[in-house]
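Structural overview
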Amino acid sequence: MMFSAVVLDLDGTLLDRNKNVSERNQKAIMNCYANGMKVIFATARPPRAVKALLPEELLSIGSFIFYNGALISCKTTGTDVHVPIDVNLSNELLDFCLQSQANIEISVEVKDEWYSLTEMDYSMIQRREGDPIVKTLSELKEYEPTKILITSFGDGAPILSKFASDLHMVVTDHGKLLQVMSKKASKENGIQLLCNRLGIDLARIIAFGDDHNDRGMFSISGYSVAMGNAIGELKEAANEVTANNDDDGVALVLERMYRV
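Small disclaimer: the values here were computed from a predicted structure and weren't measured. (Residues numbered from 1 in each chain as written. Predicted model: local features only at pLDDT ≥ 70, side-chain atom pairs only at ≥ 80, totals over all residues. Heavy atoms only, no water.)

Judged by nonpolar contacts, the single largest core of 39 residues is most densely connected at Phe41, Leu54, Leu58, Ile206, Phe208 and Leu254. Once you skip the residues sitting within four places of it in the chain, Phe41 turns out to touch Leu8, Leu10, Leu14, Leu54, Leu58, Gly62, Ser63, Phe64 and Ile65. (Core = buried A, V, L, I, M, F, W, Y, C linked by side-chain atoms within 4.5 Å. Buried < 20%, exposed > 50% of the residue type's maximum accessible area, 1.4 Å probe, protein only. Contact = heavy atoms within 4.5 Å.)

Pasting the structure below:
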């Protein structure tokens, strides 16, 4: 089957354990692009992190789904879409979390800015560089967040039970990080929007991923590839399981399409 677009998750998929893109993976992607395929990067990360992680060559050809679909960008089509959390719902979540867990840690992403209630070292969370700007609770409540990040939340059951029906909530990083977005924000919704504007049939997409937040995009893609290091649920849902992210799993599949 010939594909019109390749959709790539970053952490655990295209990026290796050191958060680098291998020369082989980059070459395979560029070869697909040279043969007419569109390239879409779909990640939980914000724009500033993606710019720091991807080589300029890939940044120049890609369309982007940031924050699990809460921010979507495509220079080719002039797309710049923000899907924030409703401010009232955000405030309700903040109050509930602070009242229910004494040691809970909350930070808020607003487009490409990062804010927090306290001075915390978040470098281990998604291996981010730098720390958020400290704001008061009243200041945080003025924003329509693109994404809310919650750590030290215990088992998370009370939060999920109360808000999962109204918000898109994903537990990642081995259960240490709760990512919260608008119910309308997801990788699959972002892919559908971009493909509609790019004129691409969803059946002609090949998607690569490794974690819970990739499950939705697998369900709408014509062909799905789980990494060897992916969670079991995603491997079961995939059309194919490739090698680990440290072993050029992306390139191994893409190289079958065109000689590299």
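Let us now look at the pattern of salt bridges. Applying the stated criterion across every chain, the model contains 11 salt bridges. Residues Arg17 and Asp246 are paired through a salt bridge, measuring 2.5 Å at the closest nitrogen-oxygen approach. Here Arg17, found in the loop between helix 1 (10-14) and helix 2 (23-34), pairs with Asp246, found in the loop between strand 14 (240-241) and helix 11 (249-254); they are 229 residues apart in sequence, far enough to count as distant. For Arg17, a relative accessible area of 61% puts it in the exposed group. Here the salt bridges share partners, and the residues they tie into one network are Asp9, Lys187 and Asp214. (Salt bridge = Lys/Arg side-chain N within 4 Å of Asp/Glu carboxyl O. Helix = DSSP H or I, 4+ residues; strand = E, 2+ residues; numbered from the N terminus.)

With respect to the element layout, Leu137 can be found in helix 6 (residues 137-140). Sequence separation of Leu137 and Arg215 is 78 residues, and the distance between their C-alpha atoms is 34 Å. With residues up to four places along the chain from it excluded, the contact list for Leu137 reads Leu94, Asp95, Leu98 and Leu117.

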